[in-house]
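Residue-level listing of the chains:
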Amino acid sequence: MNPFYEKACRAESVYMDWQTMYPKPYCKEEVDPYTKVRIILMNGTEFEATWFSHQFHRHCSDNSLRRQLSILRRAEQQQQKRLACLKPANESILEHTIGYEQLAVDLTAILAQREPDPYVVKTMNLALLEDFDHLYRYADLMNFERGVHAERLVGCYTEIMPGRPTISEHRHPNDSVRYYCDFKKAAPITKLNTAIITAAEQQTMNFYMNQCGFYESELGRRLYQEIAMIEEQHVTEYGSLLDPTCTWLENLLLHEYTECYLYYSCMQDETDCYVRKIWEEHFDIELAHLHRAAELLKKYEGKEWQQVIPDGEFPELLRFTPQKEYVRKVLAETVFNTADRENPQKPVCDLPKDADFFQYQSIVNHDVNQVASHRVIVREIQAKGHDYRFEERANPIQELQCRTCDNTTVGRCC
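We now turn to the structure provided with this report. Values in this document were obtained by computation on a predicted structure and should not be read as measured data.

Reading guide: rules and limits
- Residues numbered from 1 in each chain as written.
- Predicted model: local features only at pLDDT ≥ 70, side-chain atom pairs only at ≥ 80, totals over all residues.
- Heavy atoms only, no water.
- Helix = DSSP H or I, 4+ residues; strand = E, 2+ residues; numbered from the N terminus.
- Contact = heavy atoms within 4.5 Å.
- Polar contact = N/O pair within 3.5 Å; in protein donor to acceptor, adjacent residues only side chain to side chain.
- Salt bridge = Lys/Arg side-chain N within 4 Å of Asp/Glu carboxyl O.
- Buried < 20%, exposed > 50% of the residue type's maximum accessible area, 1.4 Å probe, protein only.

We now examine the environment of Gln345. For Gln345, the position within the fold is in strand β2 (residues 343–347). Sequence separation between Gln345 and Thr123 is 222 residues; the distance between their C-alpha atoms is 7.6 Å. Among all residues touching Gln345, those that are not within four sequence positions of it are Lys122, Asn125, Leu126, Thr334, Asn337 and Thr338. Side-chain polar atoms of Gln345 contact the side chain of Asn337, separated by 2.9 Å.

Another aspect to go through is the pattern of salt bridges. Applying the stated rule across the entire model yields 30 salt bridges. The shortest N-O distance in the salt bridge between Asp269 and Arg319 comes to 3.5 Å. Separated by 50 residues along the polypeptide, Asp269 in helix α9 (residues 248–269) and Arg319 in the loop between α10 (273–301) and α11 (324–334) bring together distant segments of the chain. For Asp269, a relative accessible area of 10% puts it in the buried group. A salt bridge links Glu304 to Lys298, with the shortest nitrogen-to-oxygen separation between them at 3.3 Å. The exposure class assigned to Glu304 is partly exposed, which follows from its relative accessible area of 34%.

This part is about the side chain of Asp133. Tracing the sequence through the fold places Asp133 in helix α5 (residues 118–146). Asp133 sits in the buried class, given a relative accessible area of 0%. Those residues in contact with Asp133 that sit more than four places away from it in its chain are Pro162, Gly163, Arg164, Pro165, Thr166 and Glu169.

All right, on to α11 then. Owing to its 3.6 residues per turn, the α-helix brings residues three or four apart onto one side. Listed as buried for α11 are Lys324, Tyr326, Val327, Arg328, Val330, Leu331 and Thr334. Looking at the buried residues of α11, the elements they touch are α4 (93–114), α5, β1 (337–340) and β2.

Below you can see the structure in the form of structure tokens.
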């Protein structure tokens, strides 16, 4: 499939009425977890498209071009609102959060395994173990406060157990900056992977940033606050991989191409007929946007789309499947690592004693008992006698196997 060669409608003809924009929400008791994951992913992708367009608008002095951006952005906003309302009103913040973390874990694992750039893989694997641990912390909060087992919400597709302990993830801002990928040389799938994961993590960051003030318990508020800080790190790391030398219009084309790719992938992967219809309709909208972006690139910069995306043919489509073995492999091999400046995989024991990592840890985590991600597990153990997990066999890291004591040293102390 090459979307540049598909027939597209006019970008001005894709707007929805209110009835279309407000869909029938899924049933939280019946929905496939990967349908929820796709909805969260595309919601974040639409937010990224909208936010990028606003930034472009604010850095552009040509009102004719700004009007073109406004035309595209209005449709992106309608799509985002439609996707957001697929979530049912009776699904709690915490239930929805489990979907966010399942997306983060399985999406990152899928992208890492198909990524040809080893540096990008290392960056993804660093965050993978951290999102995996976040899933565990939120699942324990849910079991402690609601008595709900998150394995039902993830459909047993994704294991729930400790990864790199969240307390160990707090790094100095200097250690969140990565080398960027040269998109003139990068493989097409690298351009897609970095764009997709940046948008997905940004959506998670935004969700937690806002929800920490709305959650009903102090313990939950503190947990959302803490994990939101880690998601900010992830967005900085992934955003660093994007090529800053691309022009605004080149970036616009890349954004629209990524959206086309993702909606087309969702169309092929979706099991819910009602939701699949939405993916098909949104793909047609993005096809119109992609063609308009190509026209604008040619008009304002004199460039053909092939100069940005040499082969418009979609690479391997994104399909959601369980990633348990890959996560276990990365856990076994890299859980004791952290980031050190541009190095995304540095053993903590190899850091000098005056490293930024240790200095930052001594500030934010000097009182371990005040760290929310640790307190959640302690409270669960006190209430139930052990933590909550869904694991098919023991954690591959011996230090993380104990269910009556939360580990706060793995990936943090030598």
